[in-house]
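Fold and geometry: a report
Listed here are the chains, written in short residue letters.
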Amino acid sequence: FKILRSNIGYFFVREEDYAATCALIQNFQLAAWERGLGVFWKTDAYLTLPEFREGVNVKPGEKIAAILHVGYPDMVPNPRKRTPIDEKITVIEE
C-alpha cells in the first residue's frame, strides 16, 4: 500500500501536505486496528531508489510518504505502560 503526494508548490504547503498525509496514515492505522487489522508503517531508504520508484510507478515530483504493511496479526502483544500525557506536553496559557 503506498500513499503519494505531490512535491510541487511552496515549502510550507508541501510540509503541510506531508503532515496531513501522515495524519491520514495514523487515522488509517486506528481504523484498521478497530477492525482487527495490524498496520506496520515503513519509511526505508529504498523508497528513494530510482529502481523502486519506477517499479511502483512514482512519477517525478511525487514523494512516497509511507509503505504500509496491512494484515491480521498472529498474536497481539500486551500493551505497554503509557507515559502520562502531562509528562509529554507543555500547556502554554495566556
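Quick notes on the rules
Along each chain, residue indices are assigned from 1 in the same order as the chain's sequence is written. Residues qualify for local features only when their pLDDT is at least 70, as the model is predicted, and side-chain atom pairs are given and counted only at 80 or more; totals for whole chains, interfaces and linings, by contrast, use all residues. As a rule here, side-chain values cover all heavy atoms of the structure and leave hydrogens and water aside. Think of it this way: any DSSP run of H or I at least four residues long counts as a helix, any run of E at least two long counts as a strand, and we number them from the N terminus. Atoms counted for the radius of gyration: C-alpha only. Globule rule: 2.2 Å times residue count to the power 0.38. Classification of residues uses two cut-offs on accessible area relative to the type maximum, computed with a 1.4 Å probe and protein chains only: under 20% is buried, over 50% is exposed, and between them is partly exposed. Should any heavy atoms of two residues lie within 4.5 Å, those residues are considered in contact. For this count, His and the chain ends are skipped, Lys and Arg are scored as positive, and Asp and Glu as negative. Positions of charges follow a simple convention, taking NZ of Lys, CZ of Arg, CG of Asp or CD of Glu. Here, expected helix span is obtained from the residue count minus one, scaled by 1.5 Å. Exposure above 30% relative accessible area and the absence of a salt bridge qualify a residue for a patch, where like charges join within 9 Å and nonpolar side chains (Val, Leu, Ile, Met, Phe, Trp, Tyr) within 5 Å. The protein chains shown are the only cover counted for residues, whose accessible areas, like all others here, come from Shrake-Rupley with a 1.4 Å probe. Put simply, a salt bridge is a Lys or Arg side-chain nitrogen that is within 4 Å of an Asp or Glu carboxyl oxygen. Paired rings are identified among Phe, Tyr and Trp, the last through its six-membered ring, by centres lying within 6.5 Å, and are further divided according to the angle between planes into stacked (under 30 degrees), edge-to-face (over 60) and tilted (the rest). Scored from 0 to 100, pLDDT records how confident the predictor is in each individual residue.

Counting secondary structure elements, the protein chain contains two helices and three strands. Secondary structure of the protein chain in N-to-C order comes out as β-α-β-α-β. Against the compact-globule benchmark of 12 Å for 94 residues, the protein chain has a radius of gyration of 17 Å, which places it well outside the compact range. Reported as C-alpha extents along the three principal axes, the dimensions of the protein chain are approximately 50 × 45 × 20 Å. Per-residue burial over the protein chain gives 18% buried out of 94 residues. At a minimum sequence separation of 6, the contacts of the protein chain that also span at least 24 residues come to 64%. Side-chain charges in the protein chain split into 12 positive and 13 negative, and the spacing between the mean points of these groups amounts to 5 Å.

Next up on the list: helix α1 (residues 11–34). The terminal C-alpha atoms of α1 lie 35 Å apart, and with 24 residues this matches the ideal 34 Å at 1.5 Å per residue to within 8%. Burial in α1 covers these residues: Thr21, Cys22, Ile25, Gln29 and Ala32.

With that settled, consider the environment of Gly36. Checked against the element boundaries, Gly36 lands in the loop between α1 and β2 (38–42). A relative accessible area of 34% places Gly36 in the partly exposed class. Residues Gly36 and Gly61, 25 residues apart in the sequence, show an inter-C-alpha distance of 35 Å. Excluding its chain neighbours within four sequence positions, the residues that come into contact with Gly36 are Tyr72 and Pro73.

Moving on: a nonpolar patch on the surface. On the surface, Tyr10, Phe12 and Val13 cluster together to form a nonpolar patch covering roughly 380 Å² of accessible area. Mapped onto the elements of the fold, Phe12 is located in helix α1. Judged by relative accessible area, which is 59%, Phe12 ranks as exposed.

The subject of this paragraph is the pattern of salt bridges. Applying the stated criterion across every chain, the model contains one salt bridge. Linking Lys42 and Asp44 is a salt bridge whose minimum nitrogen-to-oxygen distance equals 2.9 Å.

Residue position: Arg53 is located in helix α2 (residues 50–55). Buried within the structure, Arg53 lacks any salt-bridge partner; Glu62 is the closest side chain of opposite charge, at an N-O distance of 6.3 Å.

A complete count under the given rule lists one aromatic pair for this structure. For the ring pair Tyr46 and Phe52, a centre distance of 4.8 Å and an interplane angle of 80° mean the geometry is edge-to-face. On the basis of relative accessibility, which here comes to 28%, the residue Tyr46 falls in the partly exposed class.

The next thing to look at is unusual backbone geometry. Here Asn57, not a glycine, exhibits a phi torsion of approximately 60°, which is positive. Mapping Asn57 onto the fold places it in the loop between α2 and β3 (62–71).

Residue-level pLDDT values for the protein chain average 86, and 90% of them are 70 or greater. When mean pLDDT is compared element by element in the protein chain, β2 scores highest at 94, while strand β1 (residues 2–6) scores lowest at 50.

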